[in-house]
Amino acid sequence: MPHSASLSSLSPVVVVHLVLAVAALVLGPIALNLRKGSRGHRAIGYAWVTLMIGAALSSVFIRDFRLPNLFGYTPIHILTVVTLVGVGAALFAIARRDIVSHRKGMLRTYIGGCIGAGAFALMPGRYLGDLVWHHTLGLV
């Protein structure tokens, strides 16, 4: 990405995606650390699942034809599928009352869908990475 990236140049779909993703990044540890089965855990958990599904679905509309891609979908889009499958599997597990699988699935989805995708998106040379590291922080 050229160093002309700026916050004002973000498309609406990227803004929606970022808001959902950052909110999921913040709420995830709260849901994971609240007493399991409590009203708070369920409420924050439902919100987190909604944010994750929204972030994953919005990512489908963010395409990049400059990087190695398939119809504009780059390797980071694999995490879209991983996130949707992970959330679905974890919800299926809790519906079966398989708490161990639910906990592992949600933790893995948080690590892959929030931490992994976020780290990949913030790499120098990617749009968001250039926006953060170069334009906002004056680094790289």
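See the structure printed just above.
Notes on the structure follow. (Residues numbered from 1 in each chain as written. Predicted model: local features only at pLDDT ≥ 70, side-chain atom pairs only at ≥ 80, totals over all residues. Heavy atoms only, no water.)

### Brief notes about the packing of aromatic side chains
Evaluated as defined, the whole model comprises one aromatic pair. Taken together, a centroid distance of 6.4 Å and an interplanar angle of 45° make the contact between Trp48 and Tyr110 tilted. You can see Trp48 sitting in helix α2 (residues 39–59) and its partner Tyr110 sitting in helix α4 (residues 99–121), a full 62 residues away along the chain. Each member of the pair, Trp48 together with Tyr110, is buried. It is Arg63 that lies over the ring of Tyr73; its NZ or CZ is 5.0 Å from the centre. (Phe/Tyr/Trp six-rings, centres within 6.5 Å; stacked < 30°, edge-to-face > 60°. Helix = DSSP H or I, 4+ residues; strand = E, 2+ residues; numbered from the N terminus. Buried < 20%, exposed > 50% of the residue type's maximum accessible area, 1.4 Å probe, protein only. Lys NZ or Arg CZ within 6 Å of the ring centre and 35° of its normal.)

### Thoughts on a positive patch on the surface
On the surface, Lys36, Arg103, Lys104 and Arg108 cluster together to form a positively charged patch. In this structure, Lys104 sits in helix α4. When its relative accessible area of 44% is taken as the criterion, Lys104 is described as partly exposed. (Patch = residues over 30% accessible without salt bridge, like charges linked within 9 Å, V, L, I, M, F, W, Y side chains within 5 Å. Areas by Shrake-Rupley, 256 points an atom, 1.4 Å probe, with all protein chains shown as cover. Salt bridge = Lys/Arg side-chain N within 4 Å of Asp/Glu carboxyl O. Lys, Arg positive; Asp, Glu negative; His and termini not counted. Charge placed at Lys NZ, Arg CZ, Asp CG, Glu CD.)

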